[in-house]
Amino acid sequence: SVCPRRLPGMDGRLAPQLFTGELSPAPTSFRLTEKFILLLVFSAFITLCFGAIFFLPDSSKLLSGVFFHSSAVETNTRTGPDGGDSGSAGNDERVLAKIRKDHEKALLEAKDTLQKRPDEIKQDILNDKEKVAVDSAGQGGKQVNNLPFVEYHRPPGATGHEPLDPETRDRRTKVREMMKHAWDSYRRFAWGSNELRPVSKQGHSSNLFGSIKGATIVDALDTLYIMEMFEEFDVATEWVEKNLDFNVNAEVSVFEVNIRFVGGLLSAYYLSGKEVFRRKAVELGEKLLPAFKTPTGIPWALLNLKSGIGRNWPWASGGSSILAEYGTLHLEFMHLSKLSGNPEFAQKVMNIRKVLNRLDKPQGLYPNYLNPNSGQWGQHHVSVGGLGDSFYEYLLKAWLMSDKTDEEGKKMYYDALQAIETNLMRKSSNGLTYIAEWKGGLLEHKMGHLTCFAGGMIALGADGAPSDKTGHQMEQAAEIARTCHESYARTALKLGPEAFRFDGGVEAIATRQNEKYFILRPEVIETYMYMWRFTHDPKYREWGWEAVQALEQHCKVEGGYSGIRDVYASTPNHDDVQQSFYLAETLKYLYLLFSDDDHLPFDHWVFNTEAHPLPVIRKDKTDRPNEVE
Ligand code: DMJ
């Protein structure tokens, strides 16, 4: 250890001293033999030093220890709780551990780079250039195009690999072909519109998005990416760059625009690292902020993006806002604050929690309606399907996405689930578990297709369940998956109805004509995907494959995929709409069902309610990329 410490001095400062100062006051008076001996001593010294560096075991670590020793110790003493001189062995251990960690990180980064596509590498270089520009302008961490610089790191599992098992591989390929047909048809017949009419082969625009265009493009971006359809992804990116425009004088649904557009853009950013998606997501997020201008801060359902004037759906109990709408902003808004450096987004959604926590809950349940002016509940209707569903989902996912630090979200989720179990979950006489709807204390024994997402949600939360309830919740999740599968199996077309009932002598069957339709919804397949990941029971892949076959047989048309008006009729009557969530969710969940678990792994990604993956925000700062300081 002596040699290395003296090494830096050898490049000029120590060497003259050796010859001129200490050994001889008159170097010119050396004789040849003396000079030779001195040279020999000097070469032996050099050999010893280099020998130590190159031939001692694990010399790379030794080198790192030498060169990084002082700064690592300095860091330690500045930040560590016991940073004094006590326990130098412990200090060395920590230093070595840090060096090892740095090495592993560098190796992982190198491996990641090797797996990148050329355009991804180009994007990284552009990002690096931008960082250098900001740093050299002396503005580290300040504004660039109105947004602060964010160092981009791709979270793990953005793309997958072929499954080993040939049958699964073929099934996965089949789902990719379905995506290709849905996308190509949209591109051919409805490019730029919100959705496709696959039978009449033209564009379709839902008023949920006002005059914002391109819902299918933004909703499909991440599915294209994870399926490695990069040419299509690039075309979609170009459309977003050139045409996606939020400067419209039109009223939109805050919830729909948030889950599909903000969520879709955020995922596209985190998967690809392309700045345009971050910029557009934040721009749209800012346009949504006026929706929160109510006496309580509970947002309006509808908002005119130009005037900033909001209102609620006229049919919602006494001018109420809807639980599943104002309760499904949390994940996206937390990421908007992270990527913009503007805390307002996070403050808005945290305030919603505050309002809810101040209110009494009937039987511990959350009614679907809440008045944004008075802050009081509207009608006491409770549902885990339409009007309620994703509120519960976002409580759980807020906790997971916060790297399990959001204890408030966690408590609200498990308390709500307990109230749902007690008051809404029932078993039919033939043993099918279902979640009913609650109207002022009375049960309606009906379960919506939308409610079927709950199987996946309960499975996702089971691991963190309090009081040893993990096993119990996994059973509940499996039972809900089975019930929802039955709702498909008991139809003529093997696709599930919009709602099914458990009364009047029927089980898991739609009895009303206006509940018999299927609009390519994802919830049942979503639950199969979660159940597969947590149990690896092959039946979930089989059930998913049954759905693929039914979709191919009854929903596929020449111009894309269409919903069906009556799943009990022997031949399909098409509704002529290819919903954007078919590409965002249904096909994505099917693809993941036939992929390995390390593709978008749950410990790194959380799916928003439109199946847009968002990365977990790490509590350990050193592991927290993509973040504004
Ligand atoms: C999607 O837009 C979202 O999943 C939402 O939460 C509920 N409905 C549709 C799909 O059915």
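Before reading further, recall that the structure is shown in the block above.
Residues numbered from 1 in each chain as written. Predicted model: local features only at pLDDT ≥ 70, side-chain atom pairs only at ≥ 80, totals over all residues. Heavy atoms only, no water.

S.K.: How do you make sense of the packing of aromatic side chains when you look at a structure like this?
M.R.: When we look at a pair of aromatic rings, we describe it by the centre distance and by the angle of the planes. For the structure on display, the rule yields 29 aromatic pairs. Between Phe 391 and Tyr 392, the ring centres sit 5.1 Å apart and the planes meet at 70°, which makes this aromatic pair edge-to-face. Under the relative-accessibility criterion, Phe 391 is labelled buried at 3%. Ring plane angle 80° and centroid distance 6.3 Å describe the contact between Tyr 488 and Phe 518, whose orientation is recorded as edge-to-face. Taken as a pair, Tyr 488 in helix H18 (residues 470–489) and Phe 518 in the loop between strand E16 (499–501) and helix H19 (523–535) lie far apart in primary sequence, 30 residues in all. Seen from the ring of Trp 191, Arg 187 lies directly overhead, with NZ or CZ sitting 5.8 Å from the centre. One cation-aromatic arrangement involves Arg 533 over Phe 602; the distance from NZ or CZ to the ring centre is 4.5 Å. (Phe/Tyr/Trp six-rings, centres within 6.5 Å; stacked < 30°, edge-to-face > 60°. Buried < 20%, exposed > 50% of the residue type's maximum accessible area, 1.4 Å probe, protein only. Helix = DSSP H or I, 4+ residues; strand = E, 2+ residues; numbered from the N terminus. Lys NZ or Arg CZ within 6 Å of the ring centre and 35° of its normal.)

S.K.: Looking at this structure, how should I read the sheet that holds strand E7 (residues 310–311)?
M.R.: Strands belonging to one sheet form pairs held by backbone hydrogen bonds; the direction of such a pair is parallel or antiparallel. One open sheet accounts for three strands, arranged E5-E6-E7; its pairing is antiparallel. A single partner strand is all that each edge strand has here, and the edge strands are strand E5 (251–253) and E7. Inspection of the sheet shows strand E6 (residues 302–304) paired to E7 by two bridges, in the antiparallel sense. When the bridges of E7 are listed, Leu 303 appears paired with Gly 310. (Pairing = 2+ DSSP bridges.)

S.K.: When you look at the site of the ligand in this model, what are you seeing that I'm missing?
M.R.: In the region of the ligand, the neighbouring residues are Ile 259, Arg 260, Leu 450, Arg 521, Pro 522, Glu 523, Phe 581, Glu 585, Thr 609 and Glu 610. Separating an oxygen atom of the ligand from a backbone N or O atom of Thr 609 is a distance of 2.7 Å. In isolation the ligand has 300 Å² of accessible area, and contact with the protein removes 91% of it. Of all the secondary structure elements, the ones that give two or more residues to the shell around the ligand are helix H10 (254–272) and helix H21 (580–593). Counted by class, the shell around the ligand contains four nonpolar, one polar and five charged residues. (Near = heavy atom within 4 Å. Polar contact = N/O pair within 3.5 Å; in protein donor to acceptor, adjacent residues only side chain to side chain. Areas by Shrake-Rupley, 256 points an atom, 1.4 Å probe, with all protein chains shown as cover. Nonpolar A, V, L, I, M, F, W, Y, C, P; charged D, E, K, R; others polar.)

S.K.: What am I meant to see in the side chain of Thr 216 here?
M.R.: Structurally, the position occupied by Thr 216 is in helix H8 (residues 215–226). The class for Thr 216 is buried, based on a relative accessible area of 0%.

S.K.: Explain the environment of Val 248 to me, please; I cannot follow it from the model alone.
M.R.: Position of Val 248 relative to the elements: it lies in the loop between helix H9 (230–243) and E5. Residue classification places Val 248 among the buried residues on the basis of a relative accessible area of 10%. With sequence-adjacent residues up to four places away left out, Val 248 is seen in contact with Ser 211, Ile 212, Leu 305 and Lys 306. (Contact = heavy atoms within 4.5 Å.)

S.K.: Help me understand the environment of Thr 294, please; the structure alone is not making it clear to me.
M.R.: Looking at the secondary structure, you find Thr 294 in the loop between helix H11 (275–288) and E6. Overall, the relative accessible area of 11% leaves Thr 294 in the buried class. With 79 residues separating them in the primary sequence, Thr 294 and Asn 373 have C-alpha atoms 6.3 Å apart. When neighbours within four sequence positions are excluded, Thr 294 is seen to be in contact with Trp 300 and Pro 372.

S.K.: So what exactly am I meant to see when it comes to the sheet that holds strand E13 (residues 437–439) here?
M.R.: The strand order across the open sheet built from three strands is E10-E13-E14, with neighbouring strands paired in antiparallel fashion. What marks the edges here is a single partner per strand, and that holds for strand E10 (381–382) and strand E14 (442–444). As judged from the three bridges shared by E13 and E14, these two strands associate in the antiparallel manner. For Trp 438, the partnering residue across the bridge sits in E14 and is Leu 443.

S.K.: I keep staring at unusual backbone geometry and nothing clicks. Help me out?
M.R.: Positive phi, normally seen in glycine, also occurs at Ser 467, with a value near 50°. With respect to the helices and strands, Ser 467 occurs in the loop between helix H17 (453–462) and H18. On the basis of relative accessible area, Ser 467 is assigned to the exposed category, the value being 65%. Of note, the phi angle at Asp 468 is positive, near 55°, even though the residue is not glycine. Position of Asp 468 relative to the elements: it lies in the loop between H17 and H18.

S.K.: Help me understand the nonpolar core in this model?
M.R.: Nonpolar side chains tend toward joint burial in soluble globular proteins. Counting residues in hydrophobic clusters, the biggest one holds 157 residues, and the most contacted among them are Ile 212, Val 240 and Phe 261. By residue number, the principal contributor to this core is H10, which donates 12 residues. When neighbours within four sequence positions are excluded, Val 240 is seen to be in contact with Ile 217, Val 218, Leu 221, Leu 265, Val 276, Phe 277 and Lys 280. Judged by nonpolar contacts, the second largest core, of six residues, contains Ala 301, Leu 302, Trp 313 and Tyr 369. (Core = buried A, V, L, I, M, F, W, Y, C linked by side-chain atoms within 4.5 Å.)

S.K.: Sorry, what's going on with the pattern of salt bridges here?
M.R.: Note that side chains of opposite charge can pair when their charged atoms are close. Under the counting rule described, the total for this entry stands at 31 salt bridges. With a shortest N-O distance of 2.7 Å, Arg 311 and Glu 251 are connected by a salt bridge. Residue Arg 311 is found in strand E7, and its partner Glu 251 is found in strand E5; the two are separated by 60 residues along the sequence. Counted as one network, the salt bridges with shared partners bring together Lys 439, Glu 444, Lys 446, Arg 501 and Glu 515. (Salt bridge = Lys/Arg side-chain N within 4 Å of Asp/Glu carboxyl O.)

S.K.: What's the story with the state of the cysteines in this structure? I'm lost.
M.R.: Formally, a disulfide is one covalent bond, and it connects the sulfur atom of one cysteine to the sulfur atom of another. By the definition in use, this model includes one disulfide. Two residues, Cys 452 and Cys 484, share a disulfide whose sulfurs are 2.1 Å apart. In this structure the cystine formed by Cys 452 and Cys 484 twists about its S-S bond by roughly -95°; its chirality is therefore left-handed. One end of the pair, Cys 452, is in the loop between strand E15 (446–448) and H17; the other, Cys 484, is in helix H18, and 32 residues separate them in sequence. Pair check on accessibility: Cys 452 and Cys 484 agree, each one buried. (Disulfide = S-S within 2.5 Å.)

S.K.: Explain the packing of helix H14 (residues 344–358) against helix H16 (residues 407–423) to me, please; I cannot follow it from the model alone.
M.R.: Two quantities define a packed helix pair, namely the angle between the helix axes and the distance between the axes. Close contact between H14 and H16 brings their axes to 12 Å; oriented N to C, the two are set at 45°. With respect to H16, the axis of H14 lies oblique. You can see that H14 and H16 cross each other, and the crossing is left-handed. From H14, Met 350, Arg 353, Leu 356 and Asn 357 reach across to H16, where they touch Glu 408, Gly 409 and Met 412. (Axes fitted to C-alpha atoms, helices over the stretch in contact; angles between N-to-C directions. Parallel < 35°, antiparallel > 145°, perpendicular 65-115°, else oblique. Left-handed = near helix turned anticlockwise from the far one by under 90°.)

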